[in-house]
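A structural walkthrough
Chain by chain, the residues run as shown.
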Amino acid sequence: MNAAAETLLLRVNEQFRAAHGGDAALVVQAPGRVNLIGEHTDYNDGYVLPCAIGYRTLVAARPRADTLVRVAAADFGGAVDTFDLADHPQPRAAAPWADYVRGMAWAMREAGHALRGADLAIAGDVPQGAGLSSSASLQVAVGQAFKSLQGLDALDPTALAKLAQKAENDFVGCHCGIMDQLISARGVSGHALLIDCRSLAASPVPLPRDVAVLIVESRIRRGLVDSEYNRRREQCEAAARHYGVAALRDLDLAALEAGAAGLAATTLRRARHVVTENARTLAAAQALAAGDLAQVGRLMAASHASMRDDFEITLPAIDHLVEILATAIGGAGGARMTGGGFGGCVVALLPEERVDAARQAVATQYRSPAGEPARVHGCRAGAGAGVVVA
Ligand code: GLA
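On a predicted model such as this, the values are computed, not experimentally measured, just so you know.

This paragraph deals with the sheet that holds strand β1 (residues 26–35). With mixed pairing, 6 strands are arranged side by side in an open sheet as β5-β4-β6-β3-β1-β13. Unpaired on one side and paired on the other, β5 (79–84) and β13 (386–389) mark the two borders of the sheet. This sheet shows a mean twist of 30° between the axes of neighbouring strands, independent of strand direction. Across the sheet, helix α2 (residues 96–110) lies against β4 (68–73), β5 and β6 (118–124), angled at about 25° from β5, the strand it touches most.

Right, here's the structure in full:
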């Protein structure tokens with residue numbers, strides 16, 4: 001275990017003792033994620049290529065004899081939320097972190113799992129509001145805690161991810177796709193996962209050893225996310241209806257162009273992003289597996305341009321950050337905005353020997369609109385959710 005993981009384990013155990021007295025029965029973890037390519041394709045039944053990262057949420061847990069769930073959150077000053085599984089838990093808008101826990105318990109019960117009460121403590125180091133899926137990692141970690149406490153072996157990682165998505169969609173109210181939860185539950189160390197979001201089949205794609213993954217926080221907190229996200233989703237669904245297909249995944253570029261008459265220009269551009277992004281994602285997985293980093297870089301550049309021009313989810317400062325990185329990487333890899341958009345992070349894939357130059361370029365040339373420097377994280381693809389201490 002590295003130093004950061006040990007610190008996090010100490011914090012979650014301390015929080016558990018402070019809130020509940022005595023020791024937890026077990027500690028579980030679920031990671032955040034970074035998506036290498038395949039943006040806004042998951043809810044169109046398409047392809048994504050994320051990897052799990054070394055930042056995670058830990059949950060320390062102990063069963064209770066009653067039906068209460070008492071949760072203490074180390075990252076929110078030790079705030080405690082208590083709810084009764086015997087009631088229908090209600091969202092508490094004042095404490096969004098608690099809604100991810102309540103929502104996960106609700107989704108598991110809705111699916112027929114007879115949950116018992118538990119004392120929980122939570123601590124995480126996934127940067128919040130940065131587009132690295134801290135909320136999906138929290139939901140999956142809470143689900144993993146209930147699963148491990150109660151031996152719910154039938155609940156495989158894919159089922160857990162689907163319940164976490166249901167919690168987000170139907171309890172928290174964000175109409176996200178399945179990518180974040182699925183990679184948090186199923187990540188493979190040293191690999192990205194090519195996920196088919198229709199069948200949920202996932203193929204691990206090894207990340208070459210001498211290739212670095214950099215996550216660069218723009219320091220622009222994601223704004224407008226829910227409204228713009230949901231609007232993009234509606235536009236994609238409208239386009240699919242226009243073409244008479246179940247989802248945009250079912251179109252290629254030729255079919256898109258052939259049937260475009262009568263479709264609003266903006267909707268057509270949204271659909272074109274999804275159709276071309278699916279093709280780029282499949283091509284990038286192949287190129288990565290073949291160790292062709294230059295080709296992956298070209299596809300990442302095209303993905304960013306498509307998000308900027310067709311899907312319109314980037315911001316000028318983010319476009320600038322991508323240009324700084326692309327120039328420093330110089331064709332030996334690539335960079336693009338990652339995640340839902342309107343702020344958040346840029347991801348770069350590059351040969352190890354170019355990392356210092358890329359960091360230097362970002363440090364000297366980039367400031368957020370509020371004047372802040374970017375934060376750069378070197379990242380290794382990690383494993384999905386599981387038990388840390390039993
Ligand atoms: C957010 C959502 C995901 C996905 C991405 C965009 O992270 O939670 O389901 O749609 O945006 O690719």
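From this point on, the discussion continues.
It is worth spelling out the site of the ligand at this point. In the vicinity of the ligand, the residues found are R33, E39, H40, D42, Y43, C176, G177, M179, D180, Y229 and G340. With respect to the ligand, the backbone of H40 contributes an N or O atom lying 2.7 Å from an oxygen atom. Side-chain polar atom of D42 to an oxygen atom of the ligand: 2.5 Å apart, as the coordinates give it. Protein contact buries 93% of the 310 Å² of open area that the ligand shows by itself.

Right, let's get into the nonpolar core. Residues V59, V71, V101, M108, L120, V142 and F146 are the most contacted members of the largest nonpolar core, which totals 51 residues. The element that contributes the greatest number of residues to this core is α2, accounting for 9 residues.

This next bit is on the pairing of strand β3 (residues 50–63). Pairing of β1 with β3 involves 9 bridges; the strand directions are antiparallel. Opposite V34, over in β3, you have C51 as the bridge partner. Note that β3 and β6 share 7 bridges and pair antiparallel. Each bridged residue has a counterpart across the sheet, and for L58 the counterpart in β6 is A123.

In a structure, side chains of opposite charge can pair up when their charged atoms sit close to one another. For the structure shown, the criterion picks out 25 salt bridges. Measuring nitrogen to oxygen at the nearest pair gives 3.3 Å for the salt bridge that ties E372 to R219. Here R219 lies in the loop between β9 (211–217) and α6 (225–243) and E372 lies in the loop between α11 (355–365) and β12 (375–379), a separation of 153 residues in the sequence. Under the relative-accessibility criterion, E372 is labelled partly exposed at 28%. The class of R219 is partly exposed, set by a relative accessible area of 25%. We note a salt bridge from E352 to R380, for which the minimum N-O separation is 3.5 Å. Separated by 28 residues along the polypeptide, E352 in the loop between β11 (345–351) and α11 and R380 in the loop between β12 and β13 bring together distant segments of the chain. Taking the relative accessible area as the measure of exposure, E352 reaches 33% and is therefore partly exposed. Residue R380 is classed as exposed on the basis of its relative accessible area of 57%. Each of the salt bridges in this network shares a partner with another, and the network as a whole consists of E39, E277, R280 and R336.

Within the secondary structure layout, R102 lies in helix α2. In terms of polar contacts, R102 uses its side chain to reach the backbone carbonyl oxygen of T82, at 3.3 Å. Polar side-chain contacts of R102 include one of 2.8 Å to the backbone oxygen of Q90. For R102, the residues in contact, after removing those within four places along its chain, are D81, T82, F83, P89, Q90, R92 and F171.

Another aspect to go through is the environment of L288. Within the fold, L288 resides in helix α8 (residues 265–289). Between the C-alpha atom of L288 and that of Q90, which follows or precedes it by 198 residues, the distance is 45 Å. The contact partners of L288, leaving out residues within four places of it in the chain, are L36, L49, V205, P206, L207, P208, V296 and L349.

Quick notes on the rules
- Residues numbered from 1 in each chain as written.
- Predicted model: local features only at pLDDT ≥ 70, side-chain atom pairs only at ≥ 80, totals over all residues.
- Heavy atoms only, no water.
- Pairing = 2+ DSSP bridges.
- Helix = DSSP H or I, 4+ residues; strand = E, 2+ residues; numbered from the N terminus.
- Axes fitted to C-alpha atoms, helices over the stretch in contact; angles between N-to-C directions.
- Contact = heavy atoms within 4.5 Å.
- Near = heavy atom within 4 Å.
- Polar contact = N/O pair within 3.5 Å; in protein donor to acceptor, adjacent residues only side chain to side chain.
- Areas by Shrake-Rupley, 256 points an atom, 1.4 Å probe, with all protein chains shown as cover.
- Core = buried A, V, L, I, M, F, W, Y, C linked by side-chain atoms within 4.5 Å.
- Buried < 20%, exposed > 50% of the residue type's maximum accessible area, 1.4 Å probe, protein only.
- Salt bridge = Lys/Arg side-chain N within 4 Å of Asp/Glu carboxyl O.

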